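Notes for the structure review
What follows is each chain in one-letter form.
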Amino acid sequence: MTYNIDIYDNHLILISNNCRYLIDTGSPITISNSEKIEIFNTNYKTSTNYLGLTVEGLSQSLGTHIDALIGGDVLKNHIFKIDFKNKLFIILDKVDANNQSIDIDLFMDIPIIEIEINGNSIRTFLDTGAKISYINSTYVENLQPIDNREDFYPTIGAFETDIYKFEIIFNDSKMKFTFGVLPTQLEQTLSFGNTNGIIGNDMFLYYSMTFDYKNKKIYF
């Protein structure tokens, strides 16, 4: 199954049957306006309100209409490929085990990858719901920001963050990456998965990725 995607403000929105679905690997749950949803030829139970978060509220914060947020409770049941270059989201029956891959960890069905900065190995959530990547504030001490950007988080609303540039190593490749710093109350949540950062959709500017939650792998 192949779907077109709309990349709106660096968010990944899948288009299917005239509906718009935010694909969010950083959310453990799926949210819609009803108690169930049919997607990827399968019916799933959904939440209509999660910690005060609704589809209407999400649409307002995103600045574009969505019909549902698709989280890890749905995504874990499928092998899927994200291809920003061609703006495609593809559901696969299987993946060639000979393809290049990395092992991932999962926390509440949220994938975790490791990157390297200045010789330090850092565990980070890979979050397709994040338009900005984030790193623990300890890594930006004494650094000068290159920009300032606005983002939002449902439980606290809009906030501003300074932006810092790093060279990171991922999958044995060096790449330039920018990171913000989360507000203190959000930064503390990173410790839940023993992580120190969030990698957002900028990663898909470098790689198309195939996610296989069952076998805890990402293929390239």
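Here the structure is a predicted model, which means the values were calculated and not measured.

About the criteria used
Residues numbered from 1 in each chain as written. Predicted model: local features only at pLDDT ≥ 70, side-chain atom pairs only at ≥ 80, totals over all residues. Heavy atoms only, no water. Phe/Tyr/Trp six-rings, centres within 6.5 Å; stacked < 30°, edge-to-face > 60°. Helix = DSSP H or I, 4+ residues; strand = E, 2+ residues; numbered from the N terminus. Buried < 20%, exposed > 50% of the residue type's maximum accessible area, 1.4 Å probe, protein only. Salt bridge = Lys/Arg side-chain N within 4 Å of Asp/Glu carboxyl O. pLDDT = per-residue confidence, 0-100. Contact = heavy atoms within 4.5 Å. Core = buried A, V, L, I, M, F, W, Y, C linked by side-chain atoms within 4.5 Å. Pairing = 2+ DSSP bridges.

**Observations concerning the packing of aromatic side chains**
On inspection of all chains with the given rule, the structure shows 16 aromatic pairs. Judged by centre distance (6.3 Å) and plane angle (50°), the ring pair of Y134 and F159 falls under tilted. Of the two residues, Y134 is situated in strand β14 (residues 134–135) and F159 in strand β16 (residues 157–170); the sequence distance between them amounts to 25 residues. Given a relative accessible area of 9%, F159 falls into the buried group. Ring centres of F211 and Y213 lie 6.5 Å apart, and the angle between their planes is 40°; this geometry places the pair in the tilted category. Residue class for Y213 comes out buried when judged on its relative accessible area of 3%. Among the aromatic side chains, those forming a connected cluster through ring pairs are Y3, F40, F80, F84, F89, F204, F211 and Y213.

**Overview of the pattern of salt bridges**
Inspection of every chain in the model, using the stated rule, returns 6 salt bridges. Residue D103 pairs with K217 through a salt bridge whose shortest N-O separation is 2.7 Å. With a gap of 114 residues between them, D103 in strand β10 (residues 101–103) and K217 in strand β20 (residues 217–219) connect regions that are remote in the sequence. On the basis of relative accessibility, which here comes to 59%, the residue D103 falls in the exposed class. For R123, the salt bridge identified is with D105, shortest N-O distance 3.2 Å. Here the residue R123 occupies a position in strand β13 (residues 120–126), and D105 occupies one in strand β11 (residues 105–107), the gap between them amounting to 18 residues.

**Let's talk about the confidence of the model for the protein chain**
Taken as a whole, the protein chain shows an average pLDDT of 93; of its residues, 100% reach a score of 70 or greater. The lowest-confidence element of the protein chain is helix α3 (residues 184–187), averaging 84 in pLDDT; the highest-confidence one is strand β8 (residues 79–83), averaging 98.

**Considering the environment of S27**
Summarising the element assignment, S27 is placed in the loop between β3 (19–23) and β4 (31–32). Given the relative accessible area of 9%, S27 is considered buried. On a C-alpha basis, the gap between S27 and I110 in space is 6.8 Å, while along the polypeptide they are 83 residues apart. For S27, the residues in contact, after removing those within four places along its chain, are L69, G71 and G72.

**What to know about the nonpolar core**
The biggest cluster of nonpolar side chains holds 44 residues, and the ones touching the most others in it are F89 and I113. The leading source of residues in this core is β16, at 4 residues. In this structure, F89 is in contact with M1, T2, Y3, I5, L14, I23, F40, L75, F80, K81 and I82, ignoring residues within four places of it in sequence.

**Some thoughts on the sheet that holds β3**
Within the open sheet, the 10 strands sit side by side as β4-β7-β3-β2-β1-β9-β8-β19-β20-β10. Their pairing is mixed. Strands at the two margins of the open sheet, each flanked by one partner only, are β4 and β10. Pairing of β8 with strand β19 (residues 209–212), which is carried by 4 bridges, proceeds in the antiparallel orientation. Across the sheet, the residue bridging to I82 is M209, located in β19.

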